[in-house]
Amino acid sequence: MFPTERFKGLQTPFYYYDTALLAETLDVIRRELDDHMHMHYAVKANANPVILRQIAEAGLGADCVSGGEISAALEAGFAPERIVYAGVGKSDWEIRLGLENGIFCFNVESIPELEVINQLASELGRTASVCLRINPNVGAHTHANIQTGLSENKFGIDMQDMEGVIRRCGELAHVKFIGLHFHIGSQIMEMDDFKALSLRINELQDRLEAAGITGIENINVGGGLGIDYKEPDEHPVPDFKTYIDTYRRNLKLRPGQQLHFECGRAVVGQMGSLIARVLYVKENAIKRFCILDAGMTDLIRPALYDAYHKVQNISNECNNNILVYDIVGPVCESSDVFVKNYGMPETKRGDLVALRSAGAYGEIMASHYNCRPLPQAYFDK
Ligand SMILES: *Cc1c(COP(=O)(O)O)cnc(C)c1O
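Residues numbered from 1 in each chain as written. Predicted model: local features only at pLDDT ≥ 70, side-chain atom pairs only at ≥ 80, totals over all residues. Heavy atoms only, no water.

## What about the overall build of the chain?
The condition is simple: Numbered from the N terminus, helices here are DSSP runs of H or I no shorter than four residues, and strands are runs of E no shorter than two. With C-alpha atoms as the basis for the radius of gyration, the globule rule is written as 2.2 Å multiplied by the number of residues raised to the power 0.38. Whether a residue is buried, partly exposed or exposed follows from its accessible area with a 1.4 Å probe, protein chains only, as a fraction of its type maximum: under 20%, in between, or over 50%, in that order. We call two residues in contact whenever any of their non-hydrogen atoms come within 4.5 Å of each other. Residues scored as charged are limited to Lys and Arg (positive) and Asp and Glu (negative), so that His and the chain ends carry no count. Every charge is mapped to an atom, namely NZ of Lys, CZ of Arg, CG of Asp or CD of Glu.
Scanning the chain for helices and strands turns up eleven helices and 17 strands. For 381 residues, the compact-globule formula gives about 21 Å, and the C-alpha radius of gyration of the chain, at 22 Å, lands near that figure. Principal-axis analysis of the C-alpha atoms gives the chain an extent of 70 × 40 × 35 Å. The buried share of the chain, reckoned over its 381 residues, is 56%. Looking at the chain alone, contacts between residues at least 24 apart form 72% of all its contacts between residues at least 6 apart. Of the charged side chains in the chain, 37 are positive and 50 negative, and the gap between their average positions amounts to 2 Å.

Shown next, in the form of structure tokens:
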């Protein structure tokens, strides 16, 4: 599946993206969405312009978490009325950028932020549409560093403060309250977590109606659908059907309410691999290290969240002599390890390996640490 012949002259490490797989994934998403459902791609997963353009052309919206992402989304052709903007710390220039471009909504995370948006909107003679990001205190079965829906996390407005903040919106002339926003975490494989979020939203909607707050136009359930890092070839396209069905079955939308999703990882995760070259194989009394020319500066997820990426020797796949390696990078940090005690066909200097499922939170998190150059990106066409 990898065009290793084409890779021969290329400087490693680099990202290799399968845009045909992205096209297939986007087709599945569009097929699964009903008319009142909208998918906003979470730009933070991968903002490569080629990828953004393909997603914009498929008609998805964009979920942005910074002014830079809003600019990148606009440049790639996302319609402003399909851009949503979340983030616990929005700077004034970022809010102005969103206002000037007429984005669909600000997902607001606090009263101080709401007041600043109102002030800046009034200065520009505009009205900001806002959804309130509510912290639903729903845990997700995922790594602690990528859980976001618990009260201890910095995100969102506490449930008990919800009515008060909605009323505050009513007092501010330059904000318009248009909905509720949630996001409980990332790499979630348990559909019950999304069910729990749905049930919590049902409770909150009942509570709002009891308080006389009705006519909420939008419910945004965020993203978080996980991908199969263990066996990417068995599940190249995530199970969007079951994911969306979970909401269809459990979330009680009110008549006319629009449902918004914000998937990042599930859209682009499987389309990307980090291609690296084996520099050295070194052994000591207890270990055999496979040292790559790619490191945590190119793909930080293993070092940051203990994440697993399947490693595939793509030069030497027919060799049946399986040996055990610690696969490591060249960066001067002990955490610069991709995977430990990993069984892989015997590998030698010069072989190419693919770190699979690296399309999301890979290239975009690359850094210059150790004065290393950023990895290039290449595409299947
Ligand atoms: C990160 C993020 C997402 C996307 O998460 P995925 O796990 O990549 O789907 C969606 N919404 C918000 C608010 C986010 O911060």
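## Considering helix α5 (residues 92–100)
Taken residue by residue, α5 has Glu94, Ile95, Leu97, Gly98 and Leu99 as its buried positions. Where the residues of α5 are buried, they touch α4 (67–76), β4 (83–85), β5 (105–108), α6 (111–124) and β6 (128–135). Trailing α5 by a residue or two, glycine 102 shows a phi angle of about 65°, which is positive.

## Some details on the site of the ligand
For clarity, the threshold we go by: If a single non-hydrogen atom of a residue is within 4 Å of a molecule or strand, that residue counts as near it. Any pair of nitrogen or oxygen atoms within 3.5 Å is treated as a polar contact; in protein, a donor-acceptor pairing is required on top of that, and neighbouring residues in sequence qualify only through side-chain atoms on both sides. Accessible areas in this description were obtained via Shrake-Rupley with a 1.4 Å probe; residue shielding takes into account the shown protein chains only. Side-chain classes are defined by residue name, with Ala, Val, Leu, Ile, Met, Phe, Trp, Tyr, Cys and Pro counting as nonpolar, Asp, Glu, Lys and Arg as charged, and the others, Gly among them, as polar.
Taken together, 14 residues lie near the ligand, and Lys44, Ser186, Glu262, Arg265 and Tyr361 sit nearest. A distance of 2.7 Å separates a nitrogen atom of the ligand from a polar atom in the side chain of glutamate 262. The protein chains hide 94% of the 390 Å² of surface that the ligand would expose on its own. Here the residues of the shell around the ligand sort into three nonpolar, six polar and five charged.

## Some details on the domain arrangement of the chain
Here is the rule we go by: As used throughout, domain bounds are those supplied by an automatic or database domain assignment. Here the quantity called buried area is the total loss of accessible area, with a 1.4 Å probe, experienced by two parts when brought into contact, counted for both. We define a salt bridge as a side-chain nitrogen of Lys or Arg found within 4 Å of a carboxyl oxygen belonging to Asp or Glu.
The domain architecture assigned to the chain consists of domain 1 (4–13 + 270–379) and domain 2 (19–269). Between the C-alpha centres of domain 1 and domain 2 the distance comes to 33 Å. Summed over both partners, the interface of domain 1 with domain 2 buries about 2100 Å², with 55% contributed by carbon and sulfur atoms. When residues of domain 1 are sorted by the area they lose upon contact with domain 2, Gln270, Met271 and Tyr361 head the list and together hold 36% of the total. Our count for the contact surface shared by domain 1 and domain 2 stands at two salt bridges. A salt bridge links aspartate 233 to arginine 356, with the shortest nitrogen-to-oxygen separation between them at 2.8 Å. Counting across the domain 1 and domain 2 interface gives 13 residue pairs in polar contact (both at pLDDT 80 or more). For the side of domain 1 that touches domain 2, the elements supplying multiple residues, two or more each, are α11 (301–305) and β17 (376–379). Here the residues of the side of domain 1 that touches domain 2 are counted per class, giving ten nonpolar, six polar and five charged.

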